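Secondary and tertiary structure notes
One letter stands for each residue in the lines below.
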Amino acid sequence: MFSTEEIGIDLGTANILIYSKSKGIVLNEPSVVAIDVNTKQVVAVGAEAKEMVGKTPRNIVPIRPLKEGVIADYDVTAQMLKEFMKKVSKKIGLSMRKPTVVVCTPSGSTAVERRAIHNAVSSYGAKQVHLIEEPIAAAIGSDLPVDEPVASVVVDIGGGTSEIGIISFGGVVSCKSVRVGGDKLDSEIIQFIRKKYNILIGERTAENIKMEIGYAHPNHQEATMEVRGRDMVTGLPKTITVTSSEVHEAFKESLDQILEAIRATLENCPPELSGDIVDHGIVITGGGAMLNEIQEWLSEEISVPVHIAPNPLESVAIGTGRSLKMITKLEKAAK
């Protein structure tokens, strides 16, 4: 039993995952907080708060305090972390007093954004807070040989950002971060349906459409889905049928942005490491790895093997937790 617990936190735009060195993943919940605007009190966090999105009375507002991989609302993020830490201490039955914490940050985040993440975690009373870049955490969690002189390429498509990193010898050789992720795809589905059908749908409906009939590959087997929303002309509920080709058309531009970022990262790769990429290919992690036919589409576009991480949704959190033992090595490589 550890006197002080060592934990890794994947502070994601869509989900927060907490990894305990002794118990593995101990928390995986949406990064949503429901707040009573009159009293400024937290009503619910995580899955409970996500259930409230679009269904609450006026005084209760569900907030997503993380936007595009960074903290948009510092106070709410600190409160949310405290609530999650309380849940974890009850769940694993360990004293969470003064834990050593590793938090992953987007590779493109500024010093101010990193400081905000550091302070939000420190405010809970962490003994030490280490920050690790998201591509490195994703690579460690995907079982790639990050500390060897071999190029490991990771494409982490999260809720708010997509991170592409080439890692060798425990450090980032080339990386790019684009603020395009699952949330952007959802909002583009909402816009498309609004424009084409004059129907207003919510975020949760858009997410369901993306998961059910969203395809990355333009040449896929056609699928359809019934969608319910509010008619913007009559104001009444209405049901329409949406096809998978329409959904692909809606978020095609965003997928192309991710593809361009991957190409730009590979172009900046030293020639010595390019051979490794041809042999080993790239690994996709994050929620975006679950998009239908993304593996086939990417391998066609960039002509190298594409693999999906063993556990794409948890890769970053697992890597963040596992990095505790090699954190000093990684910090030296980052300097």
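Looking up the protein in an unreviewed UniProt entry gives the name Cell shape-determining protein MreB, with the organism given as Virgibacillus alimentarius. Check the Sequence similarities (unreviewed entry) section of the UniProt entry for the protein; it says "Belongs to the FtsA/MreB family." Per UniProt, the comment on the protein under Subunit (unreviewed entry) is "Forms polymers."

1. Here's the deal with helix α6 (residues 203-213)
All of the buried residues along α6 are Ala-206, Ile-209, Lys-210 and Ile-213. Each buried residue of α6 lies within a common arc of 110° when the element is viewed along its axis, so the set occupies one face. Along α6, exposed side chains directed more than 90 degrees from the buried face belong to Met-211 and Glu-212. Those residues of α6 that are buried lie in contact with α5 (182-197), β15 (224-231), β16 (237-243) and α7 (244-267).

2. As for the domain arrangement of the protein
Segmenting the protein into domains produces domain 1 (6-137 + 316-334) and domain 2 (144-309). Placing a centre on the C-alpha atoms of domain 1 and another on those of domain 2 gives a separation of 24 Å. With 22 residues of domain 1 at the contact, the number on the domain 2 side is 22 residues. When domain 1 packs against domain 2, the two sides together hide about 1,700 Å² of surface, and 51% of this comes from carbon and sulfur. Area buried by domain 1 at its contact with domain 2 is led by Glu-68, Pro-135 and Ile-136, which between them contribute 30% of it. The interface formed by domain 1 and domain 2 contains 5 salt bridges. Here domain 1 and domain 2 share 3 residue pairs in polar contact (both at pLDDT 80 or more) between them. Those elements that place two or more of their residues in the side of domain 1 that touches domain 2 are α1 (47-51), α4 (134-141) and α11 (327-334). The residue inventory of the side of domain 1 that touches domain 2, partitioned by class, reads 9 nonpolar, 4 polar and 9 charged.

3. Focus: unusual backbone geometry
Positive phi is not limited to glycine here, since Asp-143 has a value of about 65°. Checked against the element boundaries, Asp-143 lands in the loop between α4 and β11 (152-157). For Asp-143, a relative accessible area of 52% puts it in the exposed group. For Asn-198, which is not a glycine, the phi torsion comes out positive at approximately 60°.

4. Focus on helix α9 (residues 294-302)
Of all the residues in α9, the buried ones are Ile-294, Trp-297, Leu-298 and Ile-302. End-on view of α9: buried residues confined to an arc of 105°, all on one side of the axis. Elements in contact with the buried residues of α9: β11, α7, β17 (282-285) and β18 (306-308). Ser-303, located one to two residues past α9, shows a positive phi value of around 55°.

5. Concerning the pairing of strand β10 (residues 128-133)
Pairing of strand β9 (residues 100-105) with β10 involves 6 bridges; the strand directions are parallel. Counted as the bridge partner of Val-103 is Leu-131 from β10. With helix α3 (residues 111-122) bridging β9 and the parallel β10, this β-α-β connection has right-handed handedness.

6. As for the side chain of Ser-323
Considering the arrangement of structural elements, one finds Ser-323 in the loop between α10 (315-322) and α11. Look at Ser-323 and you get buried, because its relative accessible area is 0%. A distance of 2.6 Å separates the side chain of Ser-323 from the backbone oxygen of Thr-320, its partner in a polar contact.

7. With respect to the packing of α5 against α7
Pairs of packed helices are described in terms of their axes, by the angle between the two and the distance that separates them. Contact geometry of α5 with α7 gives a least axis separation of 9 Å together with a crossing angle of 140°. Between α5 and α7, the crossing angle belongs to the class labelled oblique. Crossing of α5 over α7 shows right-handed handedness. In this structure, α5 uses Lys-184, Leu-185, Glu-188, Ile-189, Phe-192, Lys-196 and Tyr-197 to contact α7, whose residues at the interface are Glu-246, Val-247, Glu-249, Ala-250, Phe-251, Ser-254 and Gln-257. In the contact of α5 with α7, the residues fall into 7 nonpolar, 2 polar and 5 charged.

8. Section: the packing of α4 against α10
Where α4 contacts α10, the two axes come as close as 6 Å, and the packing angle between them is 90°. In terms of axis orientation, α4 runs roughly perpendicular to α10. Taken together, the residues of α10 that come into contact with α4 (itself represented by Glu-134, Ala-137, Ala-138, Ile-140 and Gly-141) are Ser-315, Val-316, Ile-318, Gly-319, Thr-320 and Arg-322. Residue classes in the contact of α4 with α10 are distributed as 5 nonpolar, 4 polar and 2 charged.

What counts, and where the lines are drawn
Residues numbered from 1 in each chain as written. Predicted model: local features only at pLDDT ≥ 70, side-chain atom pairs only at ≥ 80, totals over all residues. Heavy atoms only, no water. UniProt positions renumbered as here; feature names shortened; annotations may be inferred. Buried < 20%, exposed > 50% of the residue type's maximum accessible area, 1.4 Å probe, protein only. Helix = DSSP H or I, 4+ residues; strand = E, 2+ residues; numbered from the N terminus. Arc of directions from axis to C-beta. Contact = heavy atoms within 4.5 Å. Domains from an automatic or database assignment. Buried area = accessible area lost by both parts, 1.4 Å probe. Salt bridge = Lys/Arg side-chain N within 4 Å of Asp/Glu carboxyl O. Polar contact = N/O pair within 3.5 Å; in protein donor to acceptor, adjacent residues only side chain to side chain. Nonpolar A, V, L, I, M, F, W, Y, C, P; charged D, E, K, R; others polar. Pairing = 2+ DSSP bridges. Right-handed = clockwise from strand over helix to strand, strands pointing away. Axes fitted to C-alpha atoms, helices over the stretch in contact; angles between N-to-C directions. Parallel < 35°, antiparallel > 145°, perpendicular 65-115°, else oblique. Left-handed = near helix turned anticlockwise from the far one by under 90°.

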